[in-house]
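Coordinate analysis (summary)
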Amino acid sequence: MADYWQTMILPMLEGAKMTVLLFIIAILVSIPLGFLLTLAVKSRIKPLSWLANTYIYVMRGTPLLLQLLLICFGLPMVPVIGEYLVLDRFVAACLGFILNYAAYFAEIFRGGLLAIDKGQYEAAQVLGLSKWQTTTRIILPQMFRVALPALSNESVTLIKDTALLYAVAVPELLHFAQTAVNRDFTIVPFFIAGAIYLVMTLVLTVFFKWLEKRFKFE
């Protein structure tokens, strides 16, 4: 049993740490970036709005795996400047996830803003609130409350998508599971990996359910 722990389960738990680390970095950076993209889309500066919309369309319209492969293996092949674009695989993967999920979060936030009745803005003007007060005290809390279920779903998808690290040779959970399968000729590691993913998504789901109750969504 001790040997089983050392050769299979322990390496997979180490891989799970990499999975969780990528998730934390991606979620903490892509959510604020997504909100900034939403503001850019709604900007009255047409070129800025067009660029933000184009970015969101491209990132949502192409596979995340393709984007990861491009950043990890494509950028170093760019003529002249390619040698300066060589990134550590994990850093490149983080960049790919952040850029991709920021586009999805931007659309979620845009939907949240569209769900807010225009009367809220008019009421804020009647009360004499400034644009900053209106945004921070009235609009953003309501937007976040509306967007929370979609943010929860997208976050669960993100933690599952971390398995794509396997394709760019970053040693995460699935990498160690596949290694154990090839070494021991058993599918048990796949079930263990699945159980670990289920635990991670369960923790995430419980956390977002708590947030929904906290913001009185239900």
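Looking up the chain in an unreviewed UniProt entry gives the name L-cystine transport system permease protein YecS, with the organism given as Lysinibacillus sphaericus. Regarding the chain, the relevant UniProt record gives this comment under Sequence similarities (unreviewed entry): "Belongs to the binding-protein-dependent transport system permease family."

**Looking at the overall build of the chain**
A tally of helices and strands in the chain yields eight helices and zero strands. Reading the chain from its N end, one meets helices and strands in the order α-α-α-α-α-α-α-α. Considered along the principal axes of its C-alpha atoms, the chain spans approximately 70 × 50 × 20 Å. Per-residue burial for the chain yields a buried fraction of 36% across its 218 residues. Summing over all exposed atoms, the chain offers an accessible surface of approximately 12,800 Å²; the carbon and sulfur share of this is 70%. Here the chain holds 17 positive side-chain charges and 13 negative ones, and the gap between their average locations is 13 Å.

**Points about the UniProt feature "transmembrane region" (unreviewed entry) in the chain**
Residues annotated by UniProt as "transmembrane region" (unreviewed entry) correspond here to residues 20-41, 62-84, 90-109 and 187-208. With 100% helix and 0% strand, the stretch residues 20-41 has end C-alpha atoms that lie 31 Å from each other. In residues 90-109, the share of helix is 100% and the share of strand is 0%. The end C-alpha atoms are 28 Å apart.

The rules we used
- Every chain's residues receive numbers from 1 upward, in the order its sequence appears when written.
- In view of the model being predicted, local features appear only for residues whose pLDDT reaches at least 70, and side-chain atom pairs are presented and counted only at 80 or more, with totals across whole chains, interfaces and linings using the full set of residues.
- Each side-chain value is worked out from all heavy atoms of the structure, with water and hydrogens disregarded.
- UniProt positions are given in the numbering used here, feature names are shortened, and annotations may be inferred rather than shown by experiment.
- By the criteria applied, helices consist of DSSP H or I runs no shorter than four residues and strands consist of E runs no shorter than two, each listed in order from the N terminus.
- Throughout, exposure labels follow a simple rule: accessible area from a 1.4 Å probe, protein chains only, divided by the maximum for the residue type, with under 20% read as buried, over 50% as exposed, and the rest as partly exposed.
- Here the accessible surface of atoms and residues is derived via Shrake-Rupley with a 1.4 Å probe, and residues count as covered only by protein chains that are part of the display.
- All tallies of charge rest on Lys and Arg as positive and Asp and Glu as negative; His and the ends of each chain are not included.
- Here the site of a charge means NZ on Lys, CZ on Arg, CG on Asp, or CD on Glu.

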